[in-house]
Amino acid sequence: MTWKAPEVPRSPQLLVGDERAVLHSLLTRGREILLWKCQGLTGAQLATRSVEPSSMSLLGLIRHMTEVERGWFRMRAAGEEPGYLYSDEVNRDGDFDDIDPARAEADYGRFLEEIAVCDKAIADLPLDHATRHPRTGKDLSLRWMYLHMIEEYGRHAGHADLLRERIDGATGYQ
């Protein structure tokens, strides 16, 4: 049987609450929107590229956001050094360029695992926790990282909408 990305239940949106809880709710929504755009698709469909010369695909977005989650929350905020999974200094776009439809289920699962590990890594850090960005040398707070990640998912949700529509015509929330 061919693997298909599973259905994604929608978490209730937190409209009132403390700052951390609301930020996490918005981040969760962004994560789920990307997963909603993938549900029901096979590895081959997830690997479908947008338009030349772009190498963007839904599977590439899943891999990219795995790297982004890991980079901001584990490596920068929590100070862990796990390294990246798909990209490196020589192959900066490996998350998009080196996709394999046969690995879609594993890449999807790795994304879900990374979310859980990232949430745990930052769970006890205050929003004011700051860390220095290795390239810019600027201090960044965990609060800023939450907001940046919400923005990042928002930007890629638009890409995912267009990719999904190209694959099977589905638009909006499925």
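Before any of the text, the structure's been laid out above.
Rules used in this analysis
- Residues numbered from 1 in each chain as written.
- Predicted model: local features only at pLDDT ≥ 70, side-chain atom pairs only at ≥ 80, totals over all residues.
- Heavy atoms only, no water.
- Helix = DSSP H or I, 4+ residues; strand = E, 2+ residues; numbered from the N terminus.
- Contact = heavy atoms within 4.5 Å.
- Expected span 1.5 Å × (residues − 1).
- Polar contact = N/O pair within 3.5 Å; in protein donor to acceptor, adjacent residues only side chain to side chain.
- 1 Å grid on protein atoms, 1.4 Å probe; cavity = no way out; pocket = protein on both sides within 12 Å on 5 of 7 lines; lining within 4 Å.
- Points joined across faces, edges and corners; volume = space filled by probe spheres on them.
- Nonpolar A, V, L, I, M, F, W, Y, C, P; charged D, E, K, R; others polar.

Enquirer: Which parts of the structure should I look at to understand the side chain of serine 50?
Expert: Mapped onto the elements, serine 50 comes out in the loop between helix H2 (43-46) and helix H3 (58-77). In contact with serine 50, other than residues within four places in its own chain, are Met56, Leu163 and Arg166.

Enquirer: Is there a simple way to explain helix H1 (residues 19-38) in this structure?
Expert: In an α-helix, one full turn covers 3.6 residues, which means residues spaced three or four apart are oriented alike. Compared with the 28 Å implied by 1.5 Å per residue over 20 residues, the 29 Å span of H1 between its first and last C-alpha is a close match. Its side-chain oxygen at 3.1 Å from the backbone nitrogen of arginine 20, aspartate 18 defines the N-terminal cap of H1. Where H1 ends, the next residue or the one after it, glycine 40, has phi of about 85 degrees, a positive value.

Enquirer: How should the layout of surface pockets be read in this particular structure?
Expert: With a probe scaled to a water molecule rolled over the atoms, the places where space remains empty come into view. Its volume calculated, the largest pocket comes out at about 600 Å³. The wall of the largest pocket is formed by 22 residues, among which Arg76, Tyr84, Ser87, Arg92 and Arg135 lie closest to the centre. Within the residue set of the lining of the largest pocket, elements represented by two or more residues are H3, helix H4 (94-97) and helix H6 (142-168). It is H3 that contributes the most residues to the lining of the largest pocket, 7 residues altogether. Taken together, the residues of the lining of the largest pocket sort by class into 6 nonpolar, 5 polar and 11 charged.

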